[in-house]
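The primary structure of each chain is shown beneath.
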Amino acid sequence: TISGMMLGFQEFIVYQLVNNDSHIRISAREDSLTEHVLDDAFFSNAGKKTPEVSWIRPPSGRTSNTYIMNPSEWYTTLEQNKDVDAHSPQLVAQVIARNGKVSTTARIIGVDVGKQIRVTNISSYMKIGHFEDIAGGGNRILCGEGLLNKLGANPPQSILLSVGSGPPQPFKIVGTFNLGVKSLDDTTFFATLTDVQRLNETPSRISDIAVRLHDVKKAEGIADMWSALSTDKVQSWNQFNE
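Below is a summary of the structure that appears in this document.

The rules behind the values
- Residues numbered from 1 in each chain as written.
- Predicted model: local features only at pLDDT ≥ 70, side-chain atom pairs only at ≥ 80, totals over all residues.
- Heavy atoms only, no water.
- Helix = DSSP H or I, 4+ residues; strand = E, 2+ residues; numbered from the N terminus.
- Buried < 20%, exposed > 50% of the residue type's maximum accessible area, 1.4 Å probe, protein only.
- Contact = heavy atoms within 4.5 Å.
- Polar contact = N/O pair within 3.5 Å; in protein donor to acceptor, adjacent residues only side chain to side chain.
- Phe/Tyr/Trp six-rings, centres within 6.5 Å; stacked < 30°, edge-to-face > 60°.
- Lys NZ or Arg CZ within 6 Å of the ring centre and 35° of its normal.
- Pairing = 2+ DSSP bridges.

**Describing the overall build of the protein chain**
Moving on, step 1. A tally of regular secondary structure across the protein chain gives nine helices and 12 strands.
Moving on, step 2. Its C-alpha atoms put the protein chain at 65 × 50 × 40 Å along the principal axes.
Moving on, step 3. Classification of the 242 residues of the protein chain by burial places 41% in the buried group.
Moving on, step 4. Expressed as a percentage of contacts within the protein chain between residues at least 6 apart in sequence, the contacts between residues at least 24 apart total 73%.

**A short note on the environment of Asn200**
Moving on, step 1. Among the secondary structure elements, Asn200 is positioned in helix H7 (residues 193-200).
Moving on, step 2. Separated by 36 residues in the primary sequence, Asn200 and Gly164 have C-alpha atoms spaced 8.5 Å apart.
Moving on, step 3. Once residues within four sequence positions are removed from consideration, Asn200 is found in contact with Leu91, Ala93 and Val163.
Moving on, step 4. A distance of 3.1 Å separates polar atoms of two side chains, one belonging to Asn200 and the other to Thr202.

**Topic: the packing of aromatic side chains**
Moving on, step 1. Under the counting rule described, the total for this entry stands at three aromatic pairs.
Moving on, step 2. Look at Trp74 and Trp226: their rings are 6.0 Å apart centre to centre, the planes differ by 65°, and that puts the pair in the edge-to-face class. Of this pair, Trp74 sits in helix H3 (residues 71-80) while Trp226 is found in helix H8 (residues 219-229), placing the two residues 152 residues apart along the sequence. Considered together, Trp74 and Trp226 belong to a single accessibility category, that of buried residues.
Moving on, step 3. Aromatic side chains Phe131 and Phe190 sit 5.6 Å apart centroid to centroid with 70° between the ring planes, which places their arrangement in the edge-to-face category. Of the two residues, Phe131 is situated in the loop between strand S6 (126-128) and strand S7 (140-144) and Phe190 in strand S10 (residues 188-192); the sequence distance between them amounts to 59 residues.
Moving on, step 4. Feature note: the residues Phe131, Phe177 and Phe190 constitute an aromatic cluster, connected by ring pairs.
Moving on, step 5. For the cation-ring pair, Lys115 lies above Tyr75, with the distance from its terminal atom to the ring centre recorded as 5.9 Å.
Moving on, step 6. Directly above the aromatic system of Tyr67 lies the positively charged group of Arg205, at a separation of 3.9 Å from the ring centroid.

**With respect to the pairing of strand S4 (residues 84-99)**
Moving on, step 1. When S4 meets strand S11 (residues 208-213), the two strands line up antiparallel, connected through six bridges. The partner of His87 across the bridge, within S11, is Val211.
Moving on, step 2. Two elements, S4 and strand S5 (residues 102-111), share 10 bridges in a ladder whose sense is antiparallel. In the sheet register, Asn99 faces S5, and the bridge partner there is Val102.
Moving on, step 3. Counting the residues between successive antiparallel strands, the hairpin from S4 to S5 contains two residues, one of them, Gly100, with a positive phi of roughly 65°.
Moving on, step 4. Note: S4 against strand S8 (residues 158-162), three bridges, orientation antiparallel.

**Quick word on the pairing of S11**
Moving on, step 1. Across the six residues of S11, six count as buried, placing the element largely inside the fold.
Moving on, step 2. Residues Asp208, Ala210 and Arg212 of S11 are buried on one face, and the alternating residues Ile209, Val211 and Leu213, pointing to the opposite face, are buried as well.
Moving on, step 3. Judged from the four bridges that link them, strand S1 (residues 24-27) and S11 form a sheet pairing that is antiparallel. Residue pairing across strands places Ser27 opposite Asp208, the latter belonging to S11.

Encoded structure:
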């Protein structure tokens, strides 16, 4: 009985994670700075550090791109791979959302609607409206139910979104969703890719590519193989939900 409960719960969690997100996520590169990262640039002898040299203060921090440098190359690779069922470009940005005097931080995910509904089953979790309602753009957004409650807003109300020091822009809430994952429902907006690119002032750029496979069991092996062939960050669903 206990084994059945554990296995059933595990299956439910995997189902939620797999179907609410991609099987494989390709995202912009992130590298940690360490003292050995600069060995090839600073030291001779094929990058081998000499004992006479030491750091007074070792370098630290991160080097990263906020966008994928060459997405078209990925698109070609994914379209030619027989294991890939669908893929969708995304731009994820951190925003400040305001409704009157109420404000909160959130993230907005810009998507190609037609491709996104092939990668995830978010359409099944809509509470108000349809996922396709944002397809025409025009600063229309979908809002997680928890985030909607935080803002004290209701569809079809408009709220203000801003990124960094950019001017706030009005976005109309045309639908709500409840994925059953609190960390997503309390923090997430969806909008079209072009609307988010314009809000973020990064035209034509994407930060992620969400990939769905025919067989989810192959995700980790394929992600490891792609990661070895690219400087971009590639993770399977179980790696980024570790």
